[in-house]
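Examination of the molecular architecture
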Amino acid sequence: PPAGSDASASTQTVVQEKEYAPGTRTDAEYTSAWLGLKYTPSENMVMASDDEINSMMQAGAKALYKDSAEGQKTLDYANISTVYEMLAVDVADGGTAGNVVILAEQLALSGTTEEQYIAALKQQFNGLNVSVTFNEPTTRDVCGITFKELSYTMETNGTSINQTALIKKIGDRMACIMLTYSDAASMNTLLAGFSAL
(Lines give C-alpha, C1' and ligand atoms only; values in the text may rest on other atoms or scores of the structure.)
Protein backbone atom coordinates (compact mmCIF):
# COMPACT_ATOMS: atom_id res chain seq x y z
CA PRO A 1 0.00 0.00 0.00
CA PRO A 2 1.08 3.58 -0.65
CA ALA A 3 0.96 4.42 3.08
CA GLY A 4 3.61 1.77 3.74
CA SER A 5 5.92 3.07 1.03
CA ASP A 6 5.49 6.61 2.38
CA ALA A 7 6.51 5.39 5.84
CA SER A 8 9.63 3.68 4.49
CA ALA A 9 10.52 6.76 2.43
CA SER A 10 10.32 9.00 5.50
CA THR A 11 12.34 6.45 7.52
CA GLN A 12 15.00 6.56 4.81
CA THR A 13 15.21 10.35 5.14
CA VAL A 14 15.64 10.05 8.91
CA VAL A 15 18.48 7.56 8.41
CA GLN A 16 20.28 9.99 6.08
CA GLU A 17 19.89 12.96 8.42
CA LYS A 18 20.44 11.30 11.80
CA GLU A 19 22.10 13.51 14.35
CA TYR A 20 25.76 12.91 15.03
CA ALA A 21 26.63 10.76 18.02
CA PRO A 22 30.13 9.33 18.50
CA GLY A 23 30.53 5.59 18.16
CA THR A 24 31.39 3.25 21.01
CA ARG A 25 34.72 1.52 21.28
CA THR A 26 36.10 -1.41 23.26
CA ASP A 27 39.36 -3.36 22.91
CA ALA A 28 37.46 -5.80 20.71
CA GLU A 29 35.31 -3.59 18.44
CA TYR A 30 34.04 -0.18 17.39
CA THR A 31 30.37 0.45 16.58
CA SER A 32 28.81 3.58 15.06
CA ALA A 33 25.06 3.80 14.50
CA TRP A 34 25.66 7.23 12.90
CA LEU A 35 28.00 5.73 10.31
CA GLY A 36 26.10 2.42 10.10
CA LEU A 37 29.32 0.42 10.49
CA LYS A 38 31.11 -1.79 12.96
CA TYR A 39 34.87 -2.43 12.97
CA THR A 40 36.40 -5.58 14.41
CA PRO A 41 40.21 -5.49 14.40
CA SER A 42 42.19 -8.56 13.36
CA GLU A 43 44.23 -10.46 15.93
CA ASN A 44 47.33 -8.48 14.83
CA MET A 45 45.68 -5.14 15.57
CA VAL A 46 45.59 -3.00 18.70
CA MET A 47 42.85 -0.45 19.39
CA ALA A 48 43.91 2.94 20.80
CA SER A 49 42.51 3.75 24.24
CA ASP A 50 40.24 6.70 25.03
CA ASP A 51 43.21 8.56 26.51
CA GLU A 52 45.31 7.98 23.39
CA ILE A 53 42.48 9.13 21.12
CA ASN A 54 41.72 12.16 23.31
CA SER A 55 45.35 13.20 23.13
CA MET A 56 45.11 12.88 19.33
CA MET A 57 42.21 15.33 19.47
CA GLN A 58 44.17 17.53 21.88
CA ALA A 59 41.02 17.35 23.93
CA GLY A 60 42.63 18.72 27.07
CA ALA A 61 41.31 22.23 26.40
CA LYS A 62 38.69 23.12 29.02
CA ALA A 63 36.44 24.56 26.30
CA LEU A 64 35.85 21.06 24.99
CA TYR A 65 34.37 19.86 28.25
CA LYS A 66 30.94 20.44 29.73
CA ASP A 67 29.51 19.50 33.11
CA SER A 68 27.25 16.48 32.97
CA ALA A 69 24.11 16.17 35.08
CA GLU A 70 26.20 14.21 37.59
CA GLY A 71 28.72 17.05 37.86
CA GLN A 72 31.43 15.23 35.92
CA LYS A 73 33.40 16.80 33.10
CA THR A 74 32.56 15.14 29.79
CA LEU A 75 33.70 15.87 26.25
CA ASP A 76 31.32 18.29 24.53
CA TYR A 77 31.19 16.59 21.11
CA ALA A 78 28.95 19.33 19.70
CA ASN A 79 31.82 21.83 20.01
CA ILE A 80 34.71 19.67 18.80
CA SER A 81 35.20 20.21 15.08
CA THR A 82 37.09 16.94 14.47
CA VAL A 83 36.30 13.90 16.59
CA TYR A 84 38.70 10.97 16.28
CA GLU A 85 36.46 8.01 16.97
CA MET A 86 38.77 5.06 16.49
CA LEU A 87 42.38 4.15 15.78
CA ALA A 88 43.34 0.53 15.18
CA VAL A 89 46.97 -0.28 14.36
CA ASP A 90 48.23 -3.50 12.74
CA VAL A 91 51.37 -4.18 14.77
CA ALA A 92 52.39 -7.04 12.45
CA ASP A 93 52.34 -5.00 9.23
CA GLY A 94 56.09 -5.13 8.64
CA GLY A 95 56.80 -1.93 10.54
CA THR A 96 54.72 0.24 8.18
CA ALA A 97 52.13 0.69 10.93
CA GLY A 98 49.11 -0.22 8.84
CA ASN A 99 46.19 1.44 10.54
CA VAL A 100 42.57 2.57 10.35
CA VAL A 101 41.45 5.93 11.73
CA ILE A 102 37.77 6.90 11.80
CA LEU A 103 36.95 10.55 12.34
CA ALA A 104 33.97 12.85 12.05
CA GLU A 105 34.58 16.48 11.10
CA GLN A 106 32.00 19.17 11.69
CA LEU A 107 31.85 21.32 8.57
CA ALA A 108 32.32 25.07 8.89
CA LEU A 109 29.84 25.45 6.02
CA SER A 110 27.09 22.85 5.86
CA GLY A 111 26.88 23.16 2.06
CA THR A 112 30.39 21.71 1.62
CA THR A 113 30.32 18.75 -0.78
CA GLU A 114 32.42 15.60 -0.62
CA GLU A 115 34.28 16.82 -3.73
CA GLN A 116 35.11 20.16 -2.08
CA TYR A 117 36.28 18.31 1.03
CA ILE A 118 38.63 16.18 -1.11
CA ALA A 119 40.00 19.33 -2.78
CA ALA A 120 40.64 20.86 0.67
CA LEU A 121 42.30 17.63 1.83
CA LYS A 122 44.67 17.79 -1.13
CA GLN A 123 45.48 21.45 -0.31
CA GLN A 124 46.52 20.48 3.22
CA PHE A 125 49.58 18.71 1.80
CA ASN A 126 50.93 21.94 0.29
CA GLY A 127 53.60 23.35 2.53
CA LEU A 128 54.33 20.01 4.19
CA ASN A 129 57.75 18.50 3.58
CA VAL A 130 56.32 15.57 1.62
CA SER A 131 55.88 14.68 -2.01
CA VAL A 132 52.35 13.40 -2.64
CA THR A 133 51.05 11.55 -5.69
CA PHE A 134 47.23 11.50 -5.82
CA ASN A 135 45.11 8.98 -7.71
CA GLU A 136 41.92 10.23 -9.33
CA PRO A 137 39.04 10.21 -6.80
CA THR A 138 36.73 7.23 -7.19
CA THR A 139 34.01 5.60 -5.08
CA ARG A 140 34.20 2.52 -2.87
CA ASP A 141 31.42 0.47 -1.37
CA VAL A 142 32.01 -0.53 2.25
CA CYS A 143 29.32 -2.89 3.55
CA GLY A 144 26.63 -1.30 1.35
CA ILE A 145 27.65 2.31 2.05
CA THR A 146 29.16 4.30 -0.82
CA PHE A 147 32.12 6.52 0.04
CA LYS A 148 34.15 8.90 -2.11
CA GLU A 149 37.68 7.52 -2.21
CA LEU A 150 40.94 9.44 -2.49
CA SER A 151 44.10 7.31 -2.56
CA TYR A 152 47.58 8.76 -2.54
CA THR A 153 51.23 7.93 -1.90
CA MET A 154 53.42 10.14 0.27
CA GLU A 155 57.20 10.19 -0.07
CA THR A 156 59.20 11.62 2.80
CA ASN A 157 62.81 11.02 3.82
CA GLY A 158 63.07 8.13 1.38
CA THR A 159 60.01 6.39 2.84
CA SER A 160 56.84 5.73 0.87
CA ILE A 161 53.45 5.60 2.63
CA ASN A 162 50.14 4.63 1.02
CA GLN A 163 46.95 6.18 2.33
CA THR A 164 43.31 6.09 1.31
CA ALA A 165 40.62 8.46 2.59
CA LEU A 166 37.03 7.20 2.41
CA ILE A 167 34.72 10.18 2.73
CA LYS A 168 30.95 10.45 3.22
CA LYS A 169 28.86 13.48 4.15
CA ILE A 170 26.24 12.72 6.81
CA GLY A 171 24.17 15.70 7.93
CA ASP A 172 26.49 18.60 8.82
CA ARG A 173 29.56 16.39 9.27
CA MET A 174 32.00 14.59 7.05
CA ALA A 175 32.79 11.02 8.02
CA CYS A 176 36.32 10.05 7.07
CA ILE A 177 37.94 6.62 7.26
CA MET A 178 41.71 6.94 6.81
CA LEU A 179 43.61 3.80 5.88
CA THR A 180 47.43 3.60 5.97
CA TYR A 181 48.93 0.47 4.43
CA SER A 182 51.97 -1.05 2.72
CA ASP A 183 50.24 -2.67 -0.28
CA ALA A 184 46.85 -3.71 -1.69
CA ALA A 185 46.76 -6.91 0.40
CA SER A 186 47.42 -4.89 3.56
CA MET A 187 44.62 -2.47 2.64
CA ASN A 188 42.20 -5.36 2.04
CA THR A 189 43.10 -6.77 5.47
CA LEU A 190 42.23 -3.42 7.06
CA LEU A 191 38.94 -3.16 5.13
CA ALA A 192 37.99 -6.72 6.11
CA GLY A 193 37.34 -5.52 9.66
CA PHE A 194 34.24 -3.56 8.62
CA SER A 195 30.74 -4.96 8.80
CA ALA A 196 27.29 -3.38 8.44
CA LEU A 197 25.12 -2.68 11.47
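Everything quoted here is computed from the prediction, not taken from an experiment.

Among the structural elements, valine 100 can be located in strand β8 (residues 98–106). Along the backbone, valine 100 and methionine 86 are 14 residues apart, and their C-alpha atoms lie at a distance of 7.6 Å. Residues contacting valine 100, with those up to four places away along its chain left out, are Tyr39, Met45, Met86, Leu87, Ala88, Ile177, Met178, Leu179, Leu190 and Phe194.

Next up on the list: the pairing of β8. With 7 of 9 residues buried, β8 is to be regarded as a mostly interior element. Where strand β7 (residues 82–90) and β8 come together, 8 bridges link them in antiparallel fashion. Counterpart to tyrosine 84 in the pairing with β8 is leucine 103. The pairing of β8 with strand β13 (residues 173–181) spans 8 bridges and is classified as antiparallel.

With antiparallel pairing, 4 strands are arranged side by side in an open sheet as β1-β2-β3-β14. Each of the sheet's edge strands pairs with one partner strand only, and the pair in question is β1 (24–25) and β14 (194–196). Of the pairings in the sheet, the one linking strand β3 (residues 37–39) to β14 comprises 3 bridges and is antiparallel in character. Bridge pairing in β14 links tyrosine 39 to phenylalanine 194.

Applying the stated criterion to the full structure yields 5 aromatic pairs. Considering the side-chain rings of tyrosine 39 and phenylalanine 194, the 4.6 Å spacing of their centres and the 70° angle between planes classify their relative orientation as edge-to-face. Placement of the pair is tyrosine 39 in strand β3 and phenylalanine 194 in strand β14, with a sequence separation of 155 residues. In this pair, the class of tyrosine 39 matches that of phenylalanine 194, namely buried. Seen in terms of ring centroids, phenylalanine 125 and phenylalanine 134 are 5.7 Å apart; in terms of plane orientation they differ by 65°. Their pairing is edge-to-face. A relative accessible area of 13% means that phenylalanine 125 is categorised as buried. Overall, the relative accessible area of 28% leaves phenylalanine 134 in the partly exposed class. Taken together, Phe125, Phe134 and Tyr152 form an aromatic cluster joined through their ring pairs. It is lysine 122 that lies over the ring of phenylalanine 134; its NZ or CZ is 5.4 Å from the centre.

Summarising the element assignment, isoleucine 118 is placed in helix α3 (residues 114–123). The spacing of isoleucine 118 and leucine 150 is 32 residues in sequence and 7.3 Å in space, taken between C-alpha atoms. Excluding residues within four positions of it along the chain, isoleucine 118 makes contact with Pro137, Lys148, Leu150 and Ile167.

What counts and what doesn't
Residues numbered from 1 in each chain as written. Predicted model: local features only at pLDDT ≥ 70, side-chain atom pairs only at ≥ 80, totals over all residues. Heavy atoms only, no water. Helix = DSSP H or I, 4+ residues; strand = E, 2+ residues; numbered from the N terminus. Contact = heavy atoms within 4.5 Å. Buried < 20%, exposed > 50% of the residue type's maximum accessible area, 1.4 Å probe, protein only. Pairing = 2+ DSSP bridges. Phe/Tyr/Trp six-rings, centres within 6.5 Å; stacked < 30°, edge-to-face > 60°. Lys NZ or Arg CZ within 6 Å of the ring centre and 35° of its normal.

Geometry only, nothing functional implied.
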